[in-house]
Amino acid sequence: MNVNLQVSIGNLTLKNPVTVASGTFGYGEEYSEYFDISELGAVTVKSLTLQPRLGNIPPRIVETPAGMLNAIGLQNVGIENYLKYKLPFLRKQNCTIIANIYGTSIEEYVKLAEYLEKEGGADAIEMNLSCPNVHDARNKFKCPLIAQSPEWVEKYTSAVRSSVKLPLIVKLSPNITDITEPALSAERGGADGISIINTLLGMSINTHTRRPKLKNVVGGLSGPAIRPVALKMVWDVSRTVKIPVIGMGGICTTSDALEFIIAGARVVAVGSYLFRDPLAPIRIIQGLRDYCISNHLDDINNLVGSITVD
Amino acid sequence: MNKLHECLITLHNPVAPNHYRMVLQSKDIAGHSSPGQFLMLEISAGYYPFLRRPMSIERIFSDGVSILYKVCGEGTKILSTLSVGEKINVQGPLGNSFPIPKEYQQYLIIAGGIGVAPFPALVEKILNVRGVAPEIILAGKDYTHLLCEKDFRQMGCKTHLVTEDGSAGDMGLATDILKKLNITGPTIVYTCGPLPMIKNVHKICIERKWLCYASLEAEMACGEGVCLGCVVPAKIEVENEMMARVCKEGPIFDTQVILWEKIGE
Ligand SMILES: Cc1cc2nc3c(=O)[nH]c(=O)nc-3n(C[C@H](O)[C@H](O)[C@H](O)COP(=O)(O)OP(=O)(O)OC[C@H]3O[C@@H](n4cnc5c(N)ncnc54)[C@H](O)[C@@H]3O)c2cc1C
Ligand SMILES: Cc1cc2nc3c(=O)[nH]c(=O)nc-3n(C[C@H](O)[C@H](O)[C@H](O)COP(=O)(O)O)c2cc1C
Ligand code: FES
């Protein structure tokens, strides 16, 4: 049986609905030793900023029940080094590339997006409006994220939308009361897709030293621990907006990916679980095909949002 | 090369209170490993614990490798309950390895506690490629924490023992012995153990103008350089400060490139 696994975000077609979460796959080189990374629907790269960033002071990660906290602080090579040293490899592998960008102002996001488009650095842009790790929690216990303000989400999105033609994805934060509000704002701003979820804010304390285990005090929680939260947000958002949703948060197996797709995700991303099993995305692509065959589905798109609520 | 392996556990013995040696069968790992490299072990099939655990390669055999580990938390506790005949998923070998430059005639190893783990393989390699047995300072809290002593002696290494409580060898710290050693000429030092020890060894090496390589530890998630969780501040490219990944640029570092003043206690 021939199964169509192709899905679309805006005018971009992915050969299958499986990508990787930004920040868990570097720029593709390392895991290309494990599998042919062009088999992925897309490679989503680590957040890029205008200048290279050193990131936060270690310790940056702590293991937690069924997951982990991270406070990397957007360490990255910067847009120029990406274009010069990382992009050629990804292009040579024939990957579809989603470039995740992070700016500290509307102008920075616009610059990053225009630069990427001009240099052919991406097939789609993912705006990270939701990184929890770029604020020093010791000084500011309130860490405002753009994604927490529906008004700003619309402003940021429409500014980037009007400056580039590339498909535009907006990545939102679960650290909010009602995620459908910024999702609607992103859609109004002209986004072609919505990525959810980024990490949930959390912390962990060493009881011997009575100090936080992360130098940054707080970090972002990821892994299977957050999966039910992510799944519900995917369900909420995909019922609210018309644009495709890219679902992530603790996806490890085919069954996890299916839950997200049935809840309404058009695309799914594997994140932290790559650290346990670098081959997980490949297993999931095969698993989705097998599921479609055994359920007599000739197109995975028919599965998207197929949840029945009695 | 395939870096994911289902390995048969062919030996698993306690070697001291809370310390174990495990032999993992894999021709593939053995054939591609160099002293100083490490493995990421999948402790359980479920999500407890979620992450793999990094362990240095202790020795390299023709059809497998051994690890030497200390039980210090939940992950290593579960690891210690695995039996010979069971299989474990192993990722590796990972990271860089100890350089063994030619122009040095004297090789000195300084190991603190479980920090001895990567050194049996290094001694074998130095014996093989340079034909000399390194001199070793083996330090620990007490006599139960001095591991591999017999192995080193069998390989012909001059071995100095030192314990904090004096229950074996001299009483004191590794650096006390290091200061007293009468070594002249181009010397290269390899060290692994508690961070304060490594820092002090580094300082002494700077004074003596000895090259010093340390095997560093950091909390790791991926072990492959993608998560950027395991970094140390370093100056690897000239004039260019960076956050070096212990799992990729390391775990072995020339101690002069580490920005020690930026690492907390
Ligand atoms: C490159 C490298 C090589 C190592 N080689 C050895 C070895 O040969 N023998 C040995 O006994 N130990 C070694 N360690 C340390 C070993 O990985 C930890 O002791 C082990 O992960 C502890 O796990 P746990 O679940 O028992 O402890 P827990 O404290 O319950 O672990 C919680 C988390 O902290 C991490 N963690 C705890 N202690 C350390 C540590 N010292 N270094 C890095 N991460 C830590 C764990 O990986 C885990 O993610 C090495 C570490 C690194 C980075
Ligand atoms: C180590 C690490 C680094 C991350 N870095 C980024 C990043 O740079 N940009 C971003 O948008 N999200 C980043 N994330 C969030 C992930 O892309 C993803 O949204 C989140 O981890 C949830 O998915 P998971 O549970 O499958 O990991 C990072 C996550 C982890 C664990
Ligand atoms: S452990 Fe992930 S980069 Fe080193």
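Novice: I'd like a description of the interface of chain A and chain B, backed by residues and values.
Specialist: Taken together, the contacts link 35 residues of chain A with 31 residues of chain B. Taken together, both faces of the contact between chain A and chain B bury some 2700 Å²; the carbon and sulfur share is 60%. Counting across the interface, chain A meets chain B through 4 salt bridges. For R53 of chain B, the salt bridge goes to E63 of chain A, with nearest N and O atoms at 2.6 Å. Applying the counting criterion to the chain A and chain B interface returns 16 residue pairs in polar contact (both at pLDDT 80 or more). Counting only elements with at least two residues in the side of chain A that touches chain B, the list comes to β5 (61-64) and β6 (67-70) of chain A. When its residues are assigned to classes, the side of chain A that touches chain B shows 17 nonpolar, 9 polar and 9 charged.

Novice: Pulling in residues and values, what's your account of the confidence of the model for chain B?
Specialist: Confidence along chain B averages 95 in pLDDT terms, with 98% of residues attaining 70 or more. Scoring of the predicted complex yields 0.96 for pTM and 0.95 for ipTM.

Novice: Can you explain the layout of surface pockets? Please cite residues and give values.
Specialist: To find the voids left in a structure, one rolls a probe of water-molecule size over its atoms. The space that makes up the second largest pocket amounts to roughly 670 Å³. In terms of lining residues, the second largest pocket is bounded by 24 residues, among which Q75, N76 and V77 of chain A together with M242 and M243 of chain B are the most central. Mapped by element, the contributors of at least two residues to the lining of the second largest pocket are α1 (78-92) of chain A together with β15 (240-245) of chain B. Examining the composition of the lining of the second largest pocket, we find that 5 residues originate from one element, β15 of chain B, more than from any other. The class makeup of the residues in the lining of the second largest pocket is 9 nonpolar, 6 polar and 9 charged.

Novice: Talk me through the nonpolar core; I want residue IDs and the actual numbers.
Specialist: Proteins that are soluble and globular tend to have nonpolar side chains buried together. Grouped together as the largest cluster of nonpolar side chains are 126 residues, with contacts concentrated most on Y82, M127 and F275 of chain A. Each of domain 1 (4-94) and domain 3 (218-265) of chain B gives at least three residues to this core. In this structure, M127 of chain A is in contact with I101, Y109, Y156, T157, V160, L168, I169, V170 and K171 of chain A, ignoring residues within four places of it in sequence. Of all hydrophobic cores here, the second largest spans 30 residues; its members include A111, L122, V123 and C148 of chain B.

Novice: Describe the site of ligand 1, naming the residues involved and giving the relevant values.
Specialist: Lining the immediate environment of ligand 1, one finds 20 residues, of which R53, P54, G75, T76 and E217 of chain B sit closest. One finds residues of chains A and B in close proximity to ligand 1. One nitrogen or oxygen atom from the main chain of S56 of chain B is found 3.0 Å from a nitrogen atom belonging to ligand 1. A distance of 2.9 Å is found between a nitrogen atom of ligand 1 and a backbone nitrogen or oxygen belonging to L68 of chain B. Isolated, ligand 1 exposes 820 Å² of accessible area, and the fraction of that covered by the protein chains is 82%.

Novice: Lay out the site of ligand 2 in plain terms, naming residues and giving numbers.
Specialist: With respect to spatial proximity, 24 residues lie near ligand 2, and among them S22, S47, K171, G250 and S272 of chain A are the closest. With respect to ligand 2, its neighbouring residues span chains A and B. S47 of chain A is positioned with one of its side-chain polar atoms (N or O) 2.8 Å from a nitrogen atom of ligand 2. Taking K171 of chain A, its side chain carries an N or O atom lying 2.7 Å from an oxygen atom of ligand 2. Here ligand 2 occupies the largest cavity. Partitioning the shell around ligand 2 into residue classes produces 7 nonpolar, 15 polar and 2 charged.

Novice: So what's going on with the pairing of strand β9 (residues 168-171) of chain A? Which residues, and what values?
Specialist: Residue and element names in this part refer to chain A. Judged by which residues are buried, β9 turns out to be covered on both faces: L168 and V170 on one side and I169 and K171 on the other are all buried. As defined by bridge partners, strand β8 (residues 124-128) adjoins β9 across 4 bridges and the pair is classed as parallel. Paired with E126 across the bridge in β9 is I169. In terms of strand pairing, β9 meets strand β10 (residues 193-196) through 3 bridges, oriented parallel. Note on β10: the bridge partner recorded for I169 is G193. Handedness of the β-α-β unit built from β9, helix α4 (residues 180-188) and β10 comes out right-handed.

Novice: Explain the sheet that holds strand β4 (residues 53-56) of chain B to me, and be specific about the residues and the numbers.
Specialist: Residue and element names in this part refer to chain B. Strand order in the open sheet formed by 7 strands is β4-β3-β7-β1-β2-β6-β5, and the pairing between neighbours is antiparallel. Of all strands in the sheet, those with a lone pairing partner are β4 and β5 (59-60), marking the two edges. Bridge analysis of strand β3 (residues 38-41) against strand β7 (residues 87-94) gives 3 bridges, and the strand direction is antiparallel. The residue of β7 that forms the bridge with L41 is V90.

Rules behind the numbers
- Residues numbered from 1 in each chain as written.
- Chains lettered and ligands numbered in written order.
- Predicted model: local features only at pLDDT ≥ 70, side-chain atom pairs only at ≥ 80, totals over all residues.
- Heavy atoms only, no water.
- Contact = heavy atoms within 4.5 Å.
- Buried area = accessible area lost by both parts, 1.4 Å probe.
- Salt bridge = Lys/Arg side-chain N within 4 Å of Asp/Glu carboxyl O.
- Polar contact = N/O pair within 3.5 Å; in protein donor to acceptor, adjacent residues only side chain to side chain.
- Helix = DSSP H or I, 4+ residues; strand = E, 2+ residues; numbered from the N terminus.
- Nonpolar A, V, L, I, M, F, W, Y, C, P; charged D, E, K, R; others polar.
- pLDDT = per-residue confidence, 0-100.
- 1 Å grid on protein atoms, 1.4 Å probe; cavity = no way out; pocket = protein on both sides within 12 Å on 5 of 7 lines; lining within 4 Å.
- Points joined across faces, edges and corners; volume = space filled by probe spheres on them.
- Core = buried A, V, L, I, M, F, W, Y, C linked by side-chain atoms within 4.5 Å.
- Buried < 20%, exposed > 50% of the residue type's maximum accessible area, 1.4 Å probe, protein only.
- Domains from an automatic or database assignment.
- Near = heavy atom within 4 Å.
- Areas by Shrake-Rupley, 256 points an atom, 1.4 Å probe, with all protein chains shown as cover.
- Sits in = over half its atoms within 2 Å of the grid points.
- Pairing = 2+ DSSP bridges.
- Right-handed = clockwise from strand over helix to strand, strands pointing away.

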